[in-house]
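Architecture and fold: a report
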Amino acid sequence: MEPRDLWLEYLDPQFRDRAIHIETDPKGHEVLVVDDKPVEMVRGRMAALGGIELEPEELLRSDELRYEDGCPLGSYEPGARLAVMDAEAIDTAILYPTLGICWEGHTSDAQIAQAYTRAYNRWIVDFCSYDPKRLVPIAHINLLDGQLAAQEIRRAVGAGCKGIYLSPDMFARGQKRFDDPDLDVVWETAQALEVPIAFHVVVRDDATTSYFNPLTDGPHRFGLFLFAFLAIDVMAAFTELLSLGILEKYPRLKVAVLETGANWISAWLDRLDHKFEVMESRTRLRMRPSDYFRRQCIVSADPDESMTAAVVDHIGADYFIWASDYPHIDASFGVVDEIRGYIADLPITDQRKVLGDNAVRFYGL
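A brief structural summary.

Looking at the sheet that holds strand E8 (residues 197-199)
Pairing within the open sheet is parallel, and its six strands lie in the order E6-E7-E8-E9-E10-E11. Edge positions in the sheet fall to strand E6 (139-140) and strand E11 (320-322), since each has one partner strand and no second. Looking at chain direction, strand E10 (residues 297-301) and E11 are connected through three bridges and run parallel. Each residue of the ladder has a partner; that of Ala301, found in E11, is Trp322.

Describing the packing of aromatic side chains
A full pass over the atoms with the stated rule returns ten aromatic pairs. Consider the rings of Tyr120 and Trp123, whose centres lie 5.9 Å apart with planes at 50°: the pair is tilted. A residue pair is termed a helical-turn pair when its members lie 3 or 4 positions apart in one helix, as Tyr120 and Trp123 do in helix H5 (residues 110-128) at three residues. Classification of Trp123 as buried rests on a relative accessible area of 11%. A centroid spacing of 5.5 Å and a plane angle of 35° characterise the contact between Phe178 and Phe199, whose relative ring orientation is tilted. Of the two residues, Phe178 sits in the loop between strand E7 (164-166) and helix H7 (184-193) while Phe199 sits in strand E8, which places them 21 residues apart along the sequence. Residue Phe178 shares its accessibility class with Phe199, and that shared class is buried. Feature note: the residues Phe238, Trp264, Phe293 and Tyr319 constitute an aromatic cluster, connected by ring pairs. Its guanidinium or amino end placed over the ring of Phe362, Lys254 lies 5.4 Å from that ring's centre, counting from NZ or CZ.

A look at the pattern of salt bridges
Working definition: two side chains of opposite charge can pair if their charged atoms are close together. The full count for this structure, using the stated rule, is 22 salt bridges. Asp12 is the salt-bridge partner of Arg122, the closest N and O atoms lying 2.8 Å from each other. With Arg122 in helix H5 and Asp12 in the loop between helix H1 (6-10) and strand E1 (21-24), this pair connects stretches of sequence that are 110 residues apart. For Arg122, a relative accessible area of 29% gives the class partly exposed. The residue Arg286 makes a salt bridge to Glu248 at a minimum N-O spacing of 3.7 Å. Here Arg286, found in the loop between helix H10 (265-279) and helix H11 (289-296), pairs with Glu248, found in helix H9 (residues 246-249); they are 38 residues apart in sequence, far enough to count as distant. Under the relative-accessibility criterion, Arg286 is labelled exposed at 71%. You can call Glu248 partly exposed: its relative accessible area is 21%.

The rules behind each value
- Residues numbered from 1 in each chain as written.
- Predicted model: local features only at pLDDT ≥ 70, side-chain atom pairs only at ≥ 80, totals over all residues.
- Heavy atoms only, no water.
- Pairing = 2+ DSSP bridges.
- Helix = DSSP H or I, 4+ residues; strand = E, 2+ residues; numbered from the N terminus.
- Phe/Tyr/Trp six-rings, centres within 6.5 Å; stacked < 30°, edge-to-face > 60°.
- Buried < 20%, exposed > 50% of the residue type's maximum accessible area, 1.4 Å probe, protein only.
- Lys NZ or Arg CZ within 6 Å of the ring centre and 35° of its normal.
- Salt bridge = Lys/Arg side-chain N within 4 Å of Asp/Glu carboxyl O.

What follows is the structure, given as structure tokens:
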């Protein structure tokens, strides 16, 4: 959970007047402001971006809670994070953003987007410098401008970042497809530096589908739909990247699929392979989709998924990691014991791969 003053502290001085910040509207509700525009989806609900230590109903009902009410000390203070990890029996944490999943698509200015990511990346490296063996920084990269993105990848990796977070959202990249020539340099750079790219769910004001509008359809009608459907963005981005031939063109590019759970991956790869049999002549692929997945990808399991052991056994143990989602509203404590219980029937070597060895290998730790 980024401190609210992160961009005021870390943003390049020439952009300081356009810093991402949290302000209070005339009704007393906190709102995230990006390039002078509010993010409506989180107005009055800033605390619900975190909230692991609060009751979900309290977070979702109250519009008086402040951002910090949802931020336990371990979410923004590295020493406290290590104490949480010790209590949870977690050796190493690979850290992705929270406010960072909210702001892309709210600016079309590539220079300010680049400045926002550079500021965050400086902060997360500083955060993890407290114990760089146990706290692993991931760089946030924006794709509005491929050359700027590649420049920041090189800088951030040089500063210690071990991977790249990319928004799956089309609006975040100016509605460019992943095979846009402007983005070739991004994939080339990530491949050359051997750092994984990863897609993670996002929060946004724009509708993902024609099913509902997040700003006008009430939360009691579509709240469950919206929360569950966040995973579709990531699944779509992964499928787009694969089907457009990016993994064919860049055979050493590593891709992590995060925050979607993992139990769907078996059925989806079967479906892609089946449709590929019909559409092969209309693709840029030379192998089955599942072959690219096994060559270059991993997927992150949630601790409470009940079919993980069967899916791992079916796909292979080398392709799975896991995540706690600490300190978000849908996270909980005791997650190591939970996932251990669900994969207990796997051989010990496979359990070790899922619990940590795959992450160490894939992220180059």
